[in-house]
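Okay, here's what each chain looks like letter by letter:
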Amino acid sequence: MPITNEGGCACGQIRYRLLTPPLFVHCCHCHDCQRQTGSAFVLNALIETDRVEILSGQTALSEMPTDSGKPHRVARCPGCGTAVWSHYGGIDKLTFARVGTLDDPAAVPPDVHIYTRSKLPWIALPPNVPAFEAYYDSKTVWPAESLTRRRALFG
Ligand SMILES: [Zn+2]
Ligand SMILES: [Zn+2]
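How each quantity is defined
Residues numbered from 1 in each chain as written. Chains lettered and ligands numbered in written order. Predicted model: local features only at pLDDT ≥ 70, side-chain atom pairs only at ≥ 80, totals over all residues. Heavy atoms only, no water. Pairing = 2+ DSSP bridges. Helix = DSSP H or I, 4+ residues; strand = E, 2+ residues; numbered from the N terminus. Axes fitted to C-alpha atoms, helices over the stretch in contact; angles between N-to-C directions. Buried < 20%, exposed > 50% of the residue type's maximum accessible area, 1.4 Å probe, protein only. Donors = N, O, S within 2.8 Å, 3.2 Å for Na, K, Ca; no water. Tetrahedral: all angles 85-135°; square planar, octahedral: opposite > 155°, others 65-115°.

Colleague: Hey, could you run me through the sheet that holds strand 9 (residues 94-98) in this one?
Modeller: The strands that make up a sheet pair up through hydrogen bonds in the backbone, lying either parallel or antiparallel. The seven strands are arranged 6-7-8-9-4-3-10 in an open sheet whose pairing can be described as mixed. The open sheet has two free edges, formed respectively by strand 6 (60-64) and strand 10 (112-114), since each of these has just one partner strand. Here the average twist between neighbouring strands, direction ignored, is 30 degrees.

And the structure:
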């Protein structure tokens, strides 16, 4: 029986728990995410890093090249290579947890679709979820509670 807020890598070395619901959940259709996952998009649950508890194992960080030149560090299982989360822009206190590594990914649906300009053409987006051609202004899209949490994180 999966526990909705726990997840892990393919080989089971890495197990983790999200201590609270995420701030917001991105479905990113950009080409970098497509390439890095080998799939159509990535699902990222944005959450404060101190709310991600590692239950077992230790991740290894790999650096991804970025257009901005700012670091994008991906945390992987050293055994099986599964990417369990990443930190964009060198901001280590914010974690982008890979929703597909949760035991119950269906419990964490996307709150927004971004970079739809490179969305694969056969994907139909749900009409009730905001979608943006590129990035978006979180101040107008995130719920107030998440904005408050983000302010607490960044001061
Ligand atoms: Zn593993
Ligand atoms: Zn992306």
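Colleague: I tried to follow the environment of glutamate 145 on my own but got confused; where do I start?
Modeller: The residue glutamate 145 is located in helix 3 (residues 144-154) in this model. Owing to a relative accessible area of 61%, glutamate 145 belongs among the exposed residues under this scheme. Each C-alpha atom, one on glutamate 145 and one on valine 52, is 19 Å from the other, the two residues being 93 residues apart in sequence.

Colleague: Got a minute to help me understand the coordination of the zinc ion (ligand 1) in this structure?
Modeller: Each donor-metal-donor angle in an ideal tetrahedron of four donors is 109.5 degrees, and each such angle in an ideal octahedron of six donors is either 90 or 180 degrees. Around the zinc ion (ligand 1), the protein contributes the donor atoms Cys9 (SG), Cys11 (SG), Cys77 (SG) and Cys80 (SG), at 2.3 Å from the metal centre. Around the zinc ion (ligand 1) sit four donor atoms, and with donor-metal-donor angles ranging over 105 to 115 degrees the site reads as tetrahedral. Here the donor residues of the zinc ion (ligand 1) are spaced in sequence according to C-x1-C-x65-C-x2-C. Judged by relative accessible area, cysteine 80 falls into the partly exposed class, the value being 32%.

Colleague: Quick question: what am I supposed to make of the coordination of the zinc ion (ligand 2) here?
Modeller: Here the zinc ion (ligand 2) is held by Cys28 (SG), Cys30 (SG) and Cys33 (SG), and the distances to it run 2.1 to 2.3 Å. In the primary structure, the donors to the zinc ion (ligand 2) are separated according to the pattern C-x1-C-x2-C. The same class applies to cysteine 28 and to cysteine 33, which are both buried.

Colleague: Just checking my understanding: could you explain the sheet that holds strand 5 (residues 52-56) for this structure?
Modeller: Sheet architecture is open: three strands sit in the order 1-2-5, paired in antiparallel fashion. Looking along the sheet, the strands with just one partner apiece sit at the ends: strand 1 (6-8) and strand 5. Strand-to-strand, the axes of this sheet are offset by a mean angle of 30 degrees, without reference to chain direction. In terms of strand pairing, strand 2 (residues 15-18) meets strand 5 through four bridges, oriented antiparallel. Its bridge partner lying in strand 5, tyrosine 16 is registered against isoleucine 54.

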